[in-house]
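What the coordinates show
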Amino acid sequence: MSEEQVSHEGFEPKIIAFLCNWCSYAGADLAGVSRYQYPTNTRTVRVMCSSRVDPALILEMFIHGADGVLVGGCHLGDCHYITGNYYTEKKVKLVKKLMEKAGMEVQRLRLEWVSASEGERFSKVVADFVNEIKSLGPSPLAGDKPDEQKLEGLYVATNAARDFRLRSLVAREINLTEKGNVYDKKISQEEFDNLMDTAIEEEMARQKILFTTMDKPFSVLDIASQVNLSPQKVLEHIVTLKDRGLIVVDRYEGVMPLYVAPKEEVLR
Amino acid sequence: MGDKVGAVLVIGGGIAGMQSALDLADSGFYVYIVDYSPSIGGAMAQLDKTFPTNDCAMCIMAPKLVETGRHQNIKLVTNANVEKVEGDAGNFKVTINKRPRYVDESKCTGCGLCTQRCPVEVKDEYNRGFKIRKAVYIKYPQAVPPIHCIDQDHCIGCGICETQCRAGAIQYSQEQEKIDLKVGSIIVSPGFEEFDLSVKRREYGYGRFPNVVSSLELERMLSATGPYGGVVLRPSDGMIAQKIAFIQCVGSRDRSIGNPYCSSVCCMFAIKEAVIAQEHTPGLNSTIFFMDMRAFGKEFDDYYIRAAKEHRVRFVSNNRISSVEEDSKTKNLKIVYIKGGELQEEEFDLVVLSVGMEKPKGAKELGEKLGIELNDFDFCSTTIFSPISTNKPGIYVCGVFQDPQDSPDSVAQASGAAARASSIITSERNTLTTVKEYPPERVVGEEEPRIGAFICHCGINIGGVVNVPSVVEYVKTLPNVAYAEENLYTCSQDTQEHIKEKIKEHNLNRVVVASCTPRTHGPLFQNTVAESGLNPYLFEMANIRDQCSWVHMDEPEKATEKAKDLVRMALAKARLNAALPKVPIDVKPSALVIGGGISGMNAALELANQGFEAHLIEKEGKLGGLVNRLHYGLKGEDIPGWLGKIVENVEASDKISVYKNTTVKDVSGYVGNFVTTLNQNGEEKNVEHGAIIVATGGVEYKPTEFLYGKNDKVLTQLEFDNIMYNNEINPQAKTVVMIQCVGCRDEVRTYCSRVCCVEAVKNALKAKEKNPNIDIFILFKDMRTYGFREIYYEEAARQGIKFIRFFDDTKPVVTDDNGLEVKIYDHFLNEDVILKPDYLVLSVATIPNPDNYDLAPLLKVPLTKDGFFLEAHMKLRPVEFATEGIFVCGLAHSPKFLNECVSQSSAAVSRAATILSKEKLFVEGTVSSVDEELCIGCRTCEFVCPYGAIYKDEEKLVAKVMEVLCKGCGICGASCPENAILIRNYTDLQLTAQAMAALKGGI
């Protein structure tokens, strides 16, 4: 038995489950009616549609120490709100990418389609997820001493998920790739994914810069070494952030401007 | 008119009966549903998935079940049957015989303790005997009413259930009860029985060979709630079936057993099962042996094509399998079939018999009691002009009892029957229904929350696992909890009164109940809260039974901890719950009907019958549309004579304004309040109305193939019908050839036009009637004479009309180098046949009205890839769009028969009447709202909203929610780039608080 496994002994994960009212919550009810037993680790928040689950809301759960998050919706094509779950799928894909960037294991987030008649499947999904989280061990952000770096990474990811750019793109993904844009042209999934990946990369970097400079002025060179980007790239982001009114020049030290991000803008 | 009664009796609570009941109850009539079974739901409740969307049947049906079960103006009389009917249309006196269920319906909470300890095991009919149930039981987990029943045939009278029931609901002394009802009209929707394999067609080995099962048995196997958890196992040895054969037409299209008709649904049913089985067991192979593949409905052919291509379902046509043999060792099954003119034998793991539909149990007696005429097969007899009326005024019919049909057709007919049933008692609308009156709401505002928490034991369902008293003690320590207590059954009637008292006594302004699921019991408690003068949204629920005590039975301590967390979470949300008002919206009691064909005209007349105004617009200068070109019905009915009367009635009605030569230029507004700009001969005019019915009809395809337009012996069926009607047919003509599927079921149009097979048979019979010596050849792909229309196909064959099948690679070739010649490869003769017709009649596609492409964007509703209008849900919402207040019927929806247009257009009116009959609509409080300060008008919300409920106000440049259309799904809020949209009752704050309450506590 490895040391890591020993340290997980007795670990009971905290899992938040966002379940849609019409299918997955109904499936969970049916698991009860049929007495399918499963571990006690989930705590359910009922939403009307899985598409209500905001990307930022999922990330916030991890910030506050959730060991896992389960999002449950109707099977594709079965959504009570016709098309909602197709959007859920895209949102969860985005959150996973953000988690990856933040250094968080993506397996801690699961999207599952469970129908109202799949009580047994619901119980299996939960049991399987609990097992997976148990083998991963406690979230690095849970407990009294969260991993600072990962915590900041998640704050950065949450802010990126709240920002307009990623939200606008993810909401339009289906339209642009499947239905066609304003010129009646479709963007290929590959092209869109590239676009999205670039946007994620950039927005994460920008949010990171904001966190670095929050209430503490730094030069481009300082920031670059802290966020692990070239000074040129950092400057480009700072120009964008200045335009968005999120960062300002604090003062000049000789020929070197120092930038600061007002706390209230970063921790909106 | 005082002697009319504003109530309707619905006989049979399947999907059709429920739809009729909901429509009627929602438009001001009191409804009684009498069901023979202890619970409603009918056949659909047993289905796993539905075609052609593969929707989970229970997922789409459960909301309707629950709504029917708790509707204020629907009374369920289950375990009962009609004993006697007296009186006439408008005023019937009905005696119902209610059999004892030995359970007091007013006391049973459905908790299920009785079932658990019952020692008597019975084969569970719901799972086709593959599972067991108890002698005291509930039919299926989602059954409505959720009341248990003692099965007297099996109960041994041990008395245990009484000892277990904490609600005191077991009543061994119950007796049969007679209930007298007064109703104005009656809808008959008793459904069907499946063909009884144990009696006839024994040669298939059903009952003798364990691996021969019926299609409904397979359905239960495929269901996640079924015996094998969705995996198809061979009953003989429990191995996963790898190779399945479906035998079609078992008990249908079979005169020798008395069922010559087609059951209409089995072809699609088999394809669906084959597809789902393959999805559940990748690598599984299915073969369907059939005579004709009857995929005649909307999007059915696409499903058929996908099944073959994507799911590798093998289709073997032109085969009626005669028997099944078993290998006694392996229990595999052998089938002999014809391929390429030769007999072949093949072995399968499992054989599925696609059983047909028969008359419902007791059909004859029911018919006699009601005084309605039945057809030769004891289904209800109707005419093409009144497909949902029986011969007896005031009694209507829908669903399979009228003609074997699938759920969408049944649902459409059910709504249609509701329209017919209510039109004769419109004067009595709102006379017997009640509107729930609540005391004035106490304004809670920003008051500090004072929460009352009621924790349920549910007998021992919760209390036997979760330590309820400790939960109560814990809850009392939490902030804002002003009162907490435990209840044996929080849902019982006396507890409701008790909760109300406690709300007053402790001046509570929030209530949390911890018990079962909010999906079934939320509305009950919301009602209690509202009766005490609190806004119903100040209520919150914690599910500590279905999602706690029942699923953690062996871990009482952990379950108790979880229950505490769940209650703490509910409290966290409840603190933030706000009173949400129901906003009233005025309704204009009139509708715009777009299209003056038969569907549009029938809709307009039906609206007028219901007392609503109709604006009927027709693009042409004449009413009637495509039906102007029809002359005969299948039984020789006089269509022009009937159509003339309809036109007359439309034009004479003072409730109907007819606008000819008119098109729609613009549409604005929303449900209850539309404004449409019409263009009549270049002149514009605005009309205001509460609903829209789209009935734009269809168009006959103008063929480019088979020398049409080049040789004047080549006609379409409608043109042929016309020359026969006008006696212009050449009396010397010796040979008529008909070619089916011209312009459809091909690469361009993959769909089936549904009516052409029957039209061909009809015209062929007519031609024979005019000249018995004429030779007629019908060249076809599949003859799709579904339902009772099959009888005429049979008759055509009997009269010597020849049917020659062709495939995509053996299409007929038509030339006129040597006079008109048709070359067709005959698979039986194995050679080309040359025919020299005097008339070549093409059964051409019905194509959608090209105007649909202009109209759809104006109405903001979708079209299918073929250009027909796409309804909200193919299965259960066949005549309405996702956008509320807009409906569709007739050929605008998809190709269909005259009688189907009539019932579907009545259905559209029935659905519209649920809106138009109300003075005001009330918008639910759980809608989204836009913060105009934050909104930048980017229209993201508009893109993602499935209901067209949010749009950009071009003046203010911000998003606006049309609350009346919003369903509260929340997608807009979770997508808004600026976080400018609030989802009421599911706000970010509420959801975060609820989840955080879980994370902050331990697990």
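For clarity, every value in this text was computed on a predicted model and none was experimentally measured.

1. Some remarks on the overall build of chain B
Scanning chain B from terminus to terminus reveals 24 helices and 52 strands. The C-alpha radius of gyration of chain B comes to 30 Å, within 12% of the 30 Å expected for a compact globule of 1003 residues. Seen along its three principal axes, the alpha-carbon backbone of chain B occupies a region of about 100 × 80 × 60 Å. Scored against the burial criterion, the 1003 residues of chain B give a buried share of 64%. Here chain B holds 111 positive side-chain charges and 131 negative ones, and the gap between their average locations is 2 Å.

2. Examining the sheet that holds strand 22 (residues 350-355) of chain B
All names here are of chain B. The parallel open sheet is built from five strands, whose spatial order is 15-22-16-17-18. The open sheet terminates on both sides in strands that have one partner only, identified here as strand 15 (212-214) and strand 18 (314-316). The average undirected angle you get between the axes of adjacent strands in this sheet is 25°. When strand 16 (residues 243-250) meets strand 17 (residues 285-289), the two strands line up parallel, connected through five bridges. Looking across to strand 17, one finds that phenylalanine 246 is bridged to isoleucine 288.

3. With respect to the sheet that holds strand 40 (residues 775-780) of chain B
All names here are of chain B. Judged by pairing direction, the sheet is parallel, and its five strands sit side by side in the order 38-45-39-40-41 without closing on themselves. Each having just a single partner strand, strand 38 (714-716) and strand 41 (802-805) make up the two edges of the open sheet. Strand-to-strand twist in this sheet, taken as the mean axis angle between neighbours without regard to direction, amounts to 25°. Relative to strand 41, strand 40 is paired through four bridges, and the arrangement is parallel. Of the residues in strand 41, the one forming a bridge with phenylalanine 777 is lysine 802. Contacts from helix 17 (residues 717-725) reach strand 38, strand 39 (735-742) and strand 45 (839-844), with the element oriented near 95° to strand 38.

4. Structural notes on the packing of helix 4 (residues 84-101) of chain A against helix 8 (residues 189-212) of chain A
All names here are of chain A. Put simply, helix 4 and helix 8 touch, their axes get as near as 11 Å, and they point 45° apart. In terms of their interaxial angle, helix 4 and helix 8 are classed as oblique. In the crossing of helix 4 with helix 8, the sense of the turn from one axis to the other is right-handed. Taking contact as the criterion, the partners of Lys90, Lys93, Leu94, Lys97, Leu98 and Lys101 in helix 4 are, on helix 8, Gln189, Asp193, Met196, Asp197, Ile200, Glu201 and Met204. When grouped by side-chain class, the residues that make up the contact of helix 4 with helix 8 number five nonpolar, one polar and seven charged.

5. Topic: the pairing of strand 17 of chain B
Residues and elements named next belong to chain B. In terms of burial, strand 17 is a largely internal element, four of the five residues being buried. You can see the chain leave strand 16, run along helix 6 (residues 266-280) and come back into strand 17, and the turn it takes is right-handed. The pairing of strand 17 with strand 18 spans three bridges and is parallel. Within strand 18, the residue paired with phenylalanine 289 across the bridge is valine 316. Crossover strand 17 to strand 18 through helix 7 (residues 300-309) is right-handed.

6. Things to note about the packing of helix 3 (residues 55-63) of chain A against helix 6 (residues 148-162) of chain A
Two quantities define a packed helix pair, namely the angle between the helix axes and the distance between the axes. Residues and elements named next belong to chain A. In contact at an axis separation of 8 Å, helix 3 and helix 6 are set at 165° when each is read in the N-to-C sense. The angle between the axes of helix 3 and helix 6 places the two elements in the roughly antiparallel class. The element helix 3 and its partner helix 6 pack so that their crossing is left-handed. Note on element contacts: helix 6 touches helix 3 through Leu151, Leu154, Tyr155, Ala157, Thr158, Ala161 and Arg162, opposite Pro55, Ala56, Leu59, Glu60, Phe62 and Ile63. Here the contact of helix 3 with helix 6 is composed, by residue class, of 10 nonpolar, one polar and two charged.

7. Some details on the nonpolar core
Core analysis: the largest hydrophobic core is formed by 175 residues, its most contacted members being Leu98(A), Ile455(B), Ile544(B) and Ile598(B). A per-element tally of this core places helix 21 (residues 898-916) of chain B first, with 10 residues. In this structure, this core is formed jointly by two domains, domain 1 (3-136) and domain 2 (163-266) of chain A, each of which donates at least three residues. In contact with Ile544(B), other than residues within four places in its own chain, are Ile455(B), Cys456(B), Ile462(B), Ala514(B), Ser515(B), Ser549(B), Ala563(B), Leu566(B) and Val567(B). Listed in part, the 77 residues of the second largest apolar core include Ala116(A), Val10(B), Ala16(B) and Leu350(B).

8. Examining a nonpolar patch on the surface
Together, Val336(B), Ile338(B) and Leu343(B) make up a nonpolar patch on the protein surface, roughly 290 Å² of accessible area in all. Turning to its location among the elements, Leu343(B) is positioned in strand 21 (residues 342-348).

9. So, helix 16 (residues 639-652) of chain B
Three- or four-residue spacings in an α-helix give side chains the same orientation, since the helix completes a turn every 3.6 residues. All names here are of chain B. For helix 16, with 14 residues, the first-to-last C-alpha span of 20 Å sits near the 20 Å given by 1.5 Å per residue. Turning to helix 16, its buried residues number three or more, namely Ile639, Trp642, Leu643, Ile646, Val647 and Val650. Seen from one end, helix 16 has its buried residues packed into an arc of 140°, which puts them on one side. Facing away from the buried side of helix 16, by more than 90 degrees, are the exposed residues Lys645, Glu648 and Ala652. Looking at the packing, one finds that the buried side of helix 16 touches helix 15 (598-609), strand 31 (613-617), strand 32 (656-659) and helix 21.

10. Observations concerning the environment of Phe195(B)
Residue and element names in this part refer to chain B. Among the structural elements, phenylalanine 195 can be located in the loop between strand 14 (193-194) and strand 15. Residue classification places phenylalanine 195 among the buried positions, given a relative accessible area of 3%. For the pair formed by phenylalanine 195 and valine 250, sequence separation is 55 residues and the distance between their alpha carbons is 7.8 Å. Ignoring anything within four residues of it in the chain, the contact list for phenylalanine 195 reads Lys200, Arg201, Val250, Gly251, Ile257, Asn259, Val355, Gly356 and Glu358.

11. Digging into unusual backbone geometry
The omega torsion across Phe51(B) and Pro52(B) is -5°, close enough to zero to call that bond cis. Tracing the backbone through its elements, the reader meets Pro52(B) in the loop between strand 3 (49-50) and strand 4 (55-56). For the bond running from Val144(B) to Pro145(B), omega is -5°, close enough to zero to count as cis. The topology assignment puts Pro145(B) in the loop between strand 10 (136-137) and strand 11 (149-150). The backbone phi angle of Asp184(A) is positive, close to 65°, even though this residue is not glycine. With respect to the helices and strands, Asp184(A) occurs in the loop between helix 7 (164-179) and helix 8. The exposed category is assigned to Asp184(A), whose relative accessible area is 70%.

12. Some thoughts on the state of the cysteines
Summed over all chains, the structure comprises one disulfide over all chains. In this model Cys23(A) forms its disulfide with Cys74(A); the gap between the sulfur atoms is 2.5 Å. The chirality of the disulfide connecting Cys23(A) with Cys74(A) is right-handed, given an S-S dihedral of about 90°. On the criterion of sequence distance, the pair formed by Cys23(A) in the loop between strand 1 (15-20) and helix 2 (24-33) and Cys74(A) in the loop between strand 3 (68-73) and helix 4 is long-range, its members being 51 residues apart. Residue classification places Cys23(A) among the buried residues on the basis of a relative accessible area of 1%. Between Cys158(B), a free cysteine, and Cys118(B), which holds the nearest cysteine sulfur, the sulfur-to-sulfur gap is 6.2 Å. As a non-bridged cysteine, Cys757(B) has Cys741(B) as the owner of its nearest cysteine sulfur, 6.0 Å distant. The class of Cys757(B) is buried, set by a relative accessible area of 7%.

Reading the values: rules and limits
Residues numbered from 1 in each chain as written. Chains lettered and ligands numbered in written order. Predicted model: local features only at pLDDT ≥ 70, side-chain atom pairs only at ≥ 80, totals over all residues. Heavy atoms only, no water. Helix = DSSP H or I, 4+ residues; strand = E, 2+ residues; numbered from the N terminus. Rg over C-alpha atoms; globule rule 2.2 N^0.38 Å. Buried < 20%, exposed > 50% of the residue type's maximum accessible area, 1.4 Å probe, protein only. Lys, Arg positive; Asp, Glu negative; His and termini not counted. Charge placed at Lys NZ, Arg CZ, Asp CG, Glu CD. Pairing = 2+ DSSP bridges. Axes fitted to C-alpha atoms, helices over the stretch in contact; angles between N-to-C directions. Contact = heavy atoms within 4.5 Å. Parallel < 35°, antiparallel > 145°, perpendicular 65-115°, else oblique. Left-handed = near helix turned anticlockwise from the far one by under 90°. Nonpolar A, V, L, I, M, F, W, Y, C, P; charged D, E, K, R; others polar. Right-handed = clockwise from strand over helix to strand, strands pointing away. Core = buried A, V, L, I, M, F, W, Y, C linked by side-chain atoms within 4.5 Å. Domains from an automatic or database assignment. Patch = residues over 30% accessible without salt bridge, like charges linked within 9 Å, V, L, I, M, F, W, Y side chains within 5 Å. Areas by Shrake-Rupley, 256 points an atom, 1.4 Å probe, with all protein chains shown as cover. Salt bridge = Lys/Arg side-chain N within 4 Å of Asp/Glu carboxyl O. Expected span 1.5 Å × (residues − 1). Arc of directions from axis to C-beta. Disulfide = S-S within 2.5 Å.

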